[in-house]
Amino acid sequence: MDITLYRYAIPFTEPLTFHKVKVKIREGLLLKWGKRWSEIAPLPGFSRESLEEAQQETINFLEAFKKGKTLPVKLPSVQFGLDCARHQWSVLKHTPLAPYLLLQGSPSDIIWSWQEWLYDYPQRVKLKLGRYPMHHELAMVRELNRLAPKTKFILDVNQNWTREEAWTFLGHLDPSHIEYVEDPCARFEDVKHVAAHTGIGMALDEILASDEEWDFFPQLRALVLKPMLLGSLEKCRGLVDRARAHNVKIVISSSHESQLGNKILAQLATEWSPEQPPGLDTLRFLSDTILDDNNEPDVSKLKLIWRS
Ligand SMILES: [Mg+2]
């Protein structure tokens with residue numbers, strides 16, 4: 001079995017901030033396992049492991065594997081990458097659904113882009129909140145609602161609000177424009193309280209990859225799975241099954257992976273949640289592609305790290 005580990009670095013089109021960590025260049029690992037490719041790319045600010053730690057654990061695993069031993073793997077990104085490399089992918093029965101649009105940026109930029117929108121407004125849009133002063137963001141959401149009254153908004157707060165801030169903000173909105181609110185607060189108890197207090201649907205994302213306990217509650221509409229943060233395919237699959245049993249949607253979502261990782265996530269989304277558009281609208285933040293014209297990784301753009 002030929003195994004090769006590469007590293008990539010793709011500048012973002014503009015610096016992005018992940019939980020207060022400013023990132024200019026997306027870096028990650030690509031693993032070629034026989035003919036299959038997979039990606040190991042912890043997201044700064046979100047993943048508990050750094051890329052250096054992930055690279056070291058991957059090399060340790062590969063060195064041992066070469067000698068016929070299988071080392072246990074602890075880091076989620078490495079678990080996910082190794083699992084995908086060895087996964088028996090089923091042939092897609094249908095084409096993946098198009099990802100839903102993600103609006104990110106300053107309130108004035110977002111309003112401007114929405115005013116200049118040339119097409120019919122989409123049915124559903126995701127909007128990042130909790131980054132600018134609350135009254136600016138509130139005015140922005142109201143303006144977007146006014147311009148596109150039929151569009152449903154997924155509000156992703158990335159755990160930036162307190163319980164009281166969430167009550168205040170959501171209390172000023174018409175709930176009929178909101179599909180659900182993703183991670184309004186950091187603590188699960190606060191999310192549950194906000195849901196009970198407002199009656200608005202909620203989604204959990206970052207809590208799923210933390211050690212915090214969580215459970216299903218009546219207003220829970222969706223689990224957002226970021227496999228790169230969660231780890232093994234078995235763990236992800238377990239969450240998919242639990243969500244199905246509770247009639248809660250599954251949204252497969254990216255952690256700003258490269259074009260290759262994004263493709264793998266699109267495939268997982270069609271396997272696990274074919275009726276749900278995935279949260280994969282992140283490639284446009286990358287200034288270059290690591291794929292060639294045949295949609296295969298272009299090794300001339302990668303740095304060789306390890307070879308079997
Ligand atoms: Mg989220």
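Residue numbers here run from 1 along each chain, matching the order of that chain's written sequence. Per-residue local features are limited, in this predicted model, to residues with pLDDT of at least 70; the limit for side-chain atom pairs, both in listing and counting, is 80 or more; totals at the level of whole chains, interfaces and linings are taken over all residues.

Student: Can you tell me about the sheet that holds strand β10 (residues 249-252), naming the residues and giving the values?
Tutor: By this definition, two strands are paired if DSSP reports at least two bridges between them. A run of DSSP states H or I qualifies as a helix once it reaches four residues; a run of E qualifies as a strand once it reaches two. Both are numbered from the N-terminal end. Read from one edge of the open sheet, 7 strands run β4-β5-β6-β7-β8-β9-β10, paired in parallel fashion. Taken across any chain shown, the strands that pair with only one partner, and hence form the sheet edges, are β4 (101-103) and β10. Neighbouring strand axes in the sheet, compared pairwise and without regard to direction, differ in orientation by 25 degrees on average. Inspection of the sheet shows strand β6 (residues 152-156) paired to strand β7 (residues 178-182) by 4 bridges, in the parallel sense. Every angle, taken between N-to-C directions, lies between 0 and 180 degrees, and every axis is a line fitted to C-alpha atoms, over only the stretch in contact when it is a helix.

Student: How would you sum up unusual backbone geometry? Please name residues and give values.
Tutor: For Lys-20, which is not glycine, the phi dihedral falls at a positive 70 degrees. Assignment of secondary structure puts Lys-20 in the loop between β1 (3-18) and β2 (21-33). Notably, Gln-159 is not glycine yet its phi reads approximately 65 degrees, a positive angle. With 19 C-beta atoms counted inside 10 Å, the residue Gln-159 sits in the partly exposed group. Field definition: a residue is buried when 20 or more other C-beta atoms are found within 10 Å of its C-beta, exposed when 12 or fewer are, and partly exposed for counts in between, with C-beta atoms placed from the backbone.

Student: Lay out the domain arrangement of the protein with the relevant residues and their values.
Tutor: Domain parsing of the protein yields domain 1 (3-91 + 288-307) and domain 2 (101-285). Distance from the C-alpha centre of domain 1 to the C-alpha centre of domain 2: 25 Å. Looking at the side of domain 1 that touches domain 2, the elements with two or more residues in it are β1, β2, β3 (36-40) and α2 (76-86). Here the side of domain 1 that touches domain 2 gets 6 residues from one element, more than from any other, and that element is α2. When its residues are assigned to classes, the side of domain 1 that touches domain 2 shows 17 nonpolar, 9 polar and 3 charged. Annotation comment: domain bounds sourced from an automatic or database domain assignment. The classification used treats Ala, Val, Leu, Ile, Met, Phe, Trp, Tyr, Cys and Pro as nonpolar, Asp, Glu, Lys and Arg as charged, and all other residues, Gly among them, as polar.

Student: Please give an account of helix α9 (residues 259-272) that cites residues and values.
Tutor: One less than the number of residues in a helix, times 1.5 Å, gives the span that helix is expected to have. When the terminal C-alpha atoms of α9 are compared, their 20 Å separation across 14 residues agrees well with the 20 Å that a helix rising 1.5 Å per residue should span. All buried positions along α9 are accounted for by Leu-260, Gly-261, Asn-262, Ile-264, Leu-265, Ala-266, Leu-268, Ala-269 and Trp-272.

Student: Which residues make up the sheet that holds strand β11 (residues 303-307), and what values go with them?
Tutor: Pairing is antiparallel in the open sheet, where 4 strands are placed in the order β3-β2-β1-β11. What marks the edges here is a single partner per strand, and that holds for β3 and β11. Across the sheet, the mean angle from the axis of one strand to that of its neighbour is 30 degrees, orientation sign disregarded. As paired elements, β2 and β3 share 5 bridges and run antiparallel to each other. Within the sheet, the bridge partner assigned to Trp-33 lies in β3 and is Arg-36. Throughout, a residue-residue contact means that the two C-beta atoms, derived from backbone geometry, are no farther apart than 7 Å. Against the sheet, α9 touches β2 and β3, its axis set at about 105 degrees to β3.

Student: Which residues make up the nonpolar core, and what are the values?
Tutor: Residues of type Ala, Val, Leu, Ile, Met, Phe, Trp, Tyr and Cys that are buried and joined through C-beta atoms within 7 Å form what is called a nonpolar core. Counting residues in each nonpolar core, the largest one holds 68 residues, and the members touching the most others are Leu-29, Leu-223 and Ile-252. Ranked by the residues each element gives to this core, the list is headed by α9, at 7 residues. Lining this core are residues from two domains, each supplying at least three of them: domain 1 (3-91 + 288-307) and domain 2 (101-285). Contacts of Leu-223, omitting those with residues within four sequence positions, involve Ala-203, Leu-204, Leu-208, Leu-239, Ala-243, Val-248 and Ile-250.

Student: Can you break down the packing of helix α3 (residues 107-115) against helix α4 (residues 134-147) residue by residue, with the values?
Tutor: Running from amino to carboxyl end, α3 crosses α4 at an angle of 5 degrees, the nearest separation of the two axes being 9 Å. Between α3 and α4, the angle falls in the class roughly parallel. Between α3 and α4, the residues in contact are Pro-107, Ile-110, Ile-111, Trp-114 and Gln-115 and His-136, Glu-137, Ala-139, Met-140, Glu-143, Leu-144 and Leu-147, respectively. Here is the rule for angles: anything less than 35 degrees is roughly parallel, anything more than 145 is roughly antiparallel, 65 through 115 is roughly perpendicular, and the remaining ranges are oblique.

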